[in-house]
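Structure assessment
Listed below are the residues making up each chain.
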Amino acid sequence: MVAYHSGFQLALAYLKIILDLEMLRHIHAPRSYHLLLVGTDTAIQGLGVGTEIVQRGLPRADEEGVPSYLESSNPRSHAFYHRLGFKNVHEYHIGGDETAPVLTLMRRNPEPGVVARMSWCQ
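Residues numbered from 1 in each chain as written. Predicted model: local features only at pLDDT ≥ 70, side-chain atom pairs only at ≥ 80, totals over all residues. Heavy atoms only, no water.

The subject of this paragraph is the sheet that holds strand β2 (residues 68-72). Pairing is mixed in the open sheet, where four strands are placed in the order β1-β2-β4-β3. Two strands bound the open sheet, and with one partner strand each, they are β1 (33-35) and β3 (87-93). Each neighbouring strand pair of the sheet contributes to a mean axis angle of 20°, computed without reference to strand direction. The pairing of β1 with β2 spans three bridges and is classified as parallel. Its bridge partner lying in β2, Y33 is registered against S68. The strands that helix α1 (residues 7-28) touches are β1, β2, β3 and β4 (102-108); relative to β3, the one it contacts most, it runs at about 155°. (Pairing = 2+ DSSP bridges. Helix = DSSP H or I, 4+ residues; strand = E, 2+ residues; numbered from the N terminus. Axes fitted to C-alpha atoms, helices over the stretch in contact; angles between N-to-C directions. Contact = heavy atoms within 4.5 Å.)

Have a look at this one:
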């Protein structure tokens, strides 16, 4: 990573990351529902809580015919999102070089009629 000498330079670096991610979202899912943040306490991981939370928003996107979109910083969560229908669309290397941390951008295309039949929706 680059060493920063001032708060202003650090703020500019963060702004560049935010603008880069917004540009990529516009390329891969210009009109979409954006999943910003999901997390569960390790004590309740694997009990379906995260799945239930994410699935609550999917029917709305499906009904409107728009994709759902997210950025994942944790490779261990990719299988979770893949089970929900998300596909990797881009890898963004924070800082620009290949050794930097990676955000994986994912998109789920709308599935009219599929999500609405799940038991939690009824």
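If you trace the backbone, L37 turns up in the loop between β1 and α2 (49-64). Judged by its relative accessible area of 77%, L37 falls in the exposed class. Between the C-alpha atoms of L37 and E71, which are 34 residues apart in sequence, the distance is 8.9 Å. (Buried < 20%, exposed > 50% of the residue type's maximum accessible area, 1.4 Å probe, protein only.)

A word on the packing of aromatic side chains. All told, the structure shown has two aromatic pairs when counted by the stated rule. Geometrically, the ring pair formed by F80 and Y81 is edge-to-face, given 4.9 Å between the ring centres and 70° between the ring planes. With respect to class, F80 is no different from Y81; both count as buried. Relative to F86, the ring of Y81 lies with its centre 5.9 Å away and its plane at 80°, an arrangement referred to as edge-to-face. Like F86, Y81 is buried. Taken together, the ring pairs in this structure connect F80, Y81 and F86 into an aromatic cluster. (Phe/Tyr/Trp six-rings, centres within 6.5 Å; stacked < 30°, edge-to-face > 60°.)

The next thing to look at is the pairing of β4. Among the seven residues in β4, five count as buried, and that is most of the element. In this structure, β2 lies alongside β4, joined through five bridges in antiparallel fashion. Residue pairing in the sheet places S72 in a bridge with T104 of β4. Note that β3 and β4 share six bridges and pair antiparallel.

Helix length check: α1, at 22 residues, gives a terminal C-alpha distance of 32 Å against a target of 32 Å (1.5 Å per residue), a fit within 8%. Packed against the buried residues of α1 are β1, β2, β3 and β4. (Expected span 1.5 Å × (residues − 1).)

Right, let's get into the pattern of salt bridges. Overall, the coordinates contain six salt bridges when judged by the stated rule. R108 is the salt-bridge partner of D62, the closest N and O atoms lying 2.8 Å from each other. With D62 in helix α2 and R108 in strand β4, the pair connects residues that are 46 residues apart, well separated along the chain. For D62, a relative accessible area of 4% puts it in the buried group. Here R108 ties to E111 by a salt bridge, and the two come within 3.6 Å at their closest N and O atoms. Given a relative accessible area of 1%, R108 falls into the buried group. With a relative accessible area of 28%, E111 lands in the partly exposed category. Here the salt bridges share partners, and the residues they tie into one network are D62, R108 and E111. (Salt bridge = Lys/Arg side-chain N within 4 Å of Asp/Glu carboxyl O.)

The values are spatial; any link to function lies outside them.
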